Amino acid sequence: GNSVTQMEGPVTLSEEAFLTINCTYTATGYPSLFWYVQYPGEGLQLLLKATKADDKGSNKGFEATYRKETTSFHLEKGSVQVSDSAVYFCALSDYGGGSEKLVFGKGTKLTVNP
Amino acid sequence: DTAVSQTPKYLVTQMGNDKSIKCEQNLGHDTMYWYKQDSKKFLKIMFSYNNKELIINETVPNRFSPKSPDKAHLNLHINSLELGDSAVYFCASSQGEGTNEKLFFGSGTQLSVL
């Protein structure tokens, strides 16, 4: 089945620093790609997504571009804030056993210090 | 109003006990899910239901039995709890079955088996 690999955390940055969280995937076909974010004490929520090659997903200053040639979907933000501290999950769609499902990476914890 | 609510938030119990976690969504969604997040933040799907019918059943021990009395509820019953069941369990819902449907997560139930 399809799978994703995220960079190991934790990641600690100062406010206004540039953020990159790497995500690469292994898939047959052309899956949709997602970033979900989990703030402390909350459930995951969709941050952004891209459904085909070269699509760029963006939301709240975060961006990720679907790169088929490098099988990557790295998350970036130009200037992080303390409120961005959370766990970030890369995910992709997988089809198997007659059903579609999301497959998540292991999550990368980001801490932004003032 | 909370869109996806699950109870209890914390559950501490002894090995061998039977426990249930309840989930309700008020979004009118057709599809509901249970995910397990282990201590390393690895998030994995367990089950999904569409209109009260089971559509995804990953390799989960038979001790775990989901029950969907109606479209808005998906409860998780666990028999003979084991130490390895300790994790955070997330309920989620989406309008349809496809992975391009946005998932809405509950805030999680932290299960500790002693």
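Everything in this summary refers to the structure shown in the same document.

Parameters and conventions
- Residues numbered from 1 in each chain as written.
- Chains lettered and ligands numbered in written order.
- Predicted model: local features only at pLDDT ≥ 70, side-chain atom pairs only at ≥ 80, totals over all residues.
- Heavy atoms only, no water.
- Helix = DSSP H or I, 4+ residues; strand = E, 2+ residues; numbered from the N terminus.
- Rg over C-alpha atoms; globule rule 2.2 N^0.38 Å.
- Buried < 20%, exposed > 50% of the residue type's maximum accessible area, 1.4 Å probe, protein only.
- Contact = heavy atoms within 4.5 Å.
- Areas by Shrake-Rupley, 256 points an atom, 1.4 Å probe, with all protein chains shown as cover.
- Pairing = 2+ DSSP bridges.
- Disulfide = S-S within 2.5 Å.

1. With respect to the overall build of chain B
Thought 1: Across its full length, chain B holds zero helices and eleven strands.
Thought 2: Each helix (α) and strand (β) of chain B, taken in turn from the N terminus, gives the series β-β-β-β-β-β-β-β-β-β-β.
Thought 3: On C-alpha atoms alone, chain B measures out to a radius of gyration of 13 Å, which is about the 13 Å that the 2.2 N^0.38 rule sets for 114 residues.
Thought 4: In terms of overall dimensions, chain B has a C-alpha envelope of 35 × 30 × 25 Å along the principal axes.
Thought 5: Looking at chain B as a whole, 45% of its 114 residues qualify as buried.
Thought 6: Restricting the contact set of chain B to residue pairs at least 6 apart, pairs at least 24 apart contribute 55%.

2. A look at the overall build of chain A
Thought 1: From N to C terminus, chain A includes zero helices and twelve strands.
Thought 2: Across chain A, helices and strands are ordered from the amino to the carboxyl terminus as β-β-β-β-β-β-β-β-β-β-β-β.
Thought 3: Since a compact globule built from 114 residues should have a radius of gyration of about 13 Å, the 14 Å found for chain A is in line with a globular shape.
Thought 4: Out of the 114 residues in chain A, the part that is buried amounts to 48%.
Thought 5: Long-range contacts, defined here as pairs at least 24 residues apart, represent 55% of the contacts in chain A between residues at least 6 apart.
Thought 6: By element, 47% of the accessible surface of chain A is carried by carbon and sulfur atoms, the whole surface being about 5,300 Å².

3. Thoughts on the pairing of strand β3 (residues 19-25) of chain B
Residue and element names in this part refer to chain B.
Thought 1: The pairing of strand β1 (residues 4-7) with β3 spans four bridges and is antiparallel. Each residue of the ladder has a partner; that of S5, found in β3, is E24.
Thought 2: When β3 meets strand β8 (residues 73-78), the two strands line up antiparallel, connected through four bridges. Its bridge partner lying in β8, E24 is registered against H73.

4. Section: the state of the cysteines
Residue and element names in this part refer to chain A.
Thought 1: Summed over the entire model, instances satisfying the criterion amount to two disulfides over all chains.
Thought 2: Paired by a disulfide, C23 and C90 hold their sulfur atoms 1.9 Å apart. Residues C23 and C90 are joined by a disulfide whose S-S torsion is about -70 degrees; by sign, that bridge is left-handed. Placement of C23 in strand β4 (residues 23-26) and of C90 in strand β10 (residues 86-96) is noted, with a sequence separation of 67 residues between them.
Thought 3: Residue class for C23 comes out buried when judged on its relative accessible area of 1%.

These results come straight from atomic positions and should not be treated as a statement about function.
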